[in-house]
Amino acid sequence: MFVKTACNSTTYPDKCYKSLSSYSSTIKSDPIKLCTTALKLNVNSAKEAASVISKLLKKSQKSAAGRKNKMLPEKLILRDCLEEMRDTIVELKQAITEMKTLRDGDSVPEHMTNVRTWVSAALTDEGTCTDGFEEIKVNKETKKKVTKVVEELATTTSNTLALITNLSY
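Residues numbered from 1 in each chain as written. Predicted model: local features only at pLDDT ≥ 70, side-chain atom pairs only at ≥ 80, totals over all residues. Heavy atoms only, no water.

Novice: Would you mind showing me how to read the layout of surface pockets here?
Specialist: Space left empty within the atom packing is revealed by a probe, the size of a water molecule, rolled over the atoms. Put simply, the largest pocket is a space of about 360 Å³. Lining the largest pocket are 19 residues, with Lys15, Ser19, Ser45, Glu152 and Thr156 sitting closest to its centre. Taken together, the elements giving at least two residues each to the lining of the largest pocket come down to helix H2 (13-20), helix H4 (31-65) and helix H7 (140-165). Looking at the lining of the largest pocket element by element, the count peaks at eight residues for H7. (1 Å grid on protein atoms, 1.4 Å probe; cavity = no way out; pocket = protein on both sides within 12 Å on 5 of 7 lines; lining within 4 Å. Points joined across faces, edges and corners; volume = space filled by probe spheres on them. Helix = DSSP H or I, 4+ residues; strand = E, 2+ residues; numbered from the N terminus.)

Novice: Please clarify how the side chain of Glu84 should be interpreted in this entry.
Specialist: Secondary-structure assignment places Glu84 in helix H5 (residues 73-101). For Glu84, which is buried and forms no salt bridge, the nearest opposite charge comes from Arg86, at a distance of 11 Å. Sequence-distant contacts of Glu84, that is, excluding residues within four places in its chain, are made with Asp125, Thr128 and Cys129. (Buried < 20%, exposed > 50% of the residue type's maximum accessible area, 1.4 Å probe, protein only. Lys, Arg positive; Asp, Glu negative; His and termini not counted. Salt bridge = Lys/Arg side-chain N within 4 Å of Asp/Glu carboxyl O. Contact = heavy atoms within 4.5 Å.)

Novice: Could you clarify how one ought to interpret a positive patch on the surface in this entry?
Specialist: Residues Lys55, Lys58, Lys62 and Arg86 make up a contiguous surface patch of positive charge. Examining the composition of the positive patch, we find that three residues originate from one element, H4, more than from any other. Assignment of secondary structure puts Arg86 in helix H5. Classification of Arg86 by relative accessible area gives partly exposed; the value is 46%. (Patch = residues over 30% accessible without salt bridge, like charges linked within 9 Å, V, L, I, M, F, W, Y side chains within 5 Å. Areas by Shrake-Rupley, 256 points an atom, 1.4 Å probe, with all protein chains shown as cover. Charge placed at Lys NZ, Arg CZ, Asp CG, Glu CD.)

Novice: What should I look at first to understand the packing of aromatic side chains in this one?
Specialist: Each aromatic ring pair is characterised by the separation of its centres together with the angle its planes make. Summed over all chains, the structure comprises zero aromatic pairs. The lysine or arginine in question, Lys4, covers the ring of Tyr17, its NZ or CZ lying 4.8 Å from the ring centre. (Phe/Tyr/Trp six-rings, centres within 6.5 Å; stacked < 30°, edge-to-face > 60°. Lys NZ or Arg CZ within 6 Å of the ring centre and 35° of its normal.)

Novice: Help me understand the nonpolar core, please; the structure alone is not making it clear to me.
Specialist: When a protein is soluble and globular, its nonpolar side chains tend to lie buried together. Membership of the largest hydrophobic core comes to 46 residues, with the highest contact counts inside it found for Leu20, Ile53, Met99 and Val146. Of all the elements in the fold, those that place two or more residues in this core are helix H1 (2-7), H2, H4, H5, helix H6 (108-135) and H7. The dominant element in this core, judged by the number of residues it contributes, is H4, at 13 residues. Apart from the residues lying within four places of it in its own chain, the contact partners of Met99 are Ile32, Cys35, Thr36, Leu39, Met112, Val115 and Leu167. (Core = buried A, V, L, I, M, F, W, Y, C linked by side-chain atoms within 4.5 Å.)

Written out as structure tokens, the structure is:
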């Protein structure tokens, strides 16, 4: 019930509950465990997005290899996007590290501000990744795959941010 109620405060409550409900017995009614679990799942989603983009980049590099010294815009966009995903992973891990300090009880508001900042930065990076595909014409299938995986990640990150913002400790 705690997870369901907490997820109702997010932008995508069904997705939130679906991803966190199997952890209910571990989370119990602990808002810090809830947010830490959401962050860990978020890191996994970011790693999955990075993996998809990395595979697409390798594929793009192979198709560009036949063209002497020519950098395809798609390759550059994918490289930038992969870098954004790597930044997202680092930022979410930083947020997890900050969450661990909440148990100590000191400077709780400052730590929560830091957690929100890291997760907000991750959400910004995710948006920056897909922005590149709007500006330059790229393979439709590549754009579709990247957009799908990054939008999926962004919904998870948005939910995580909402849970953290609504955290009452």
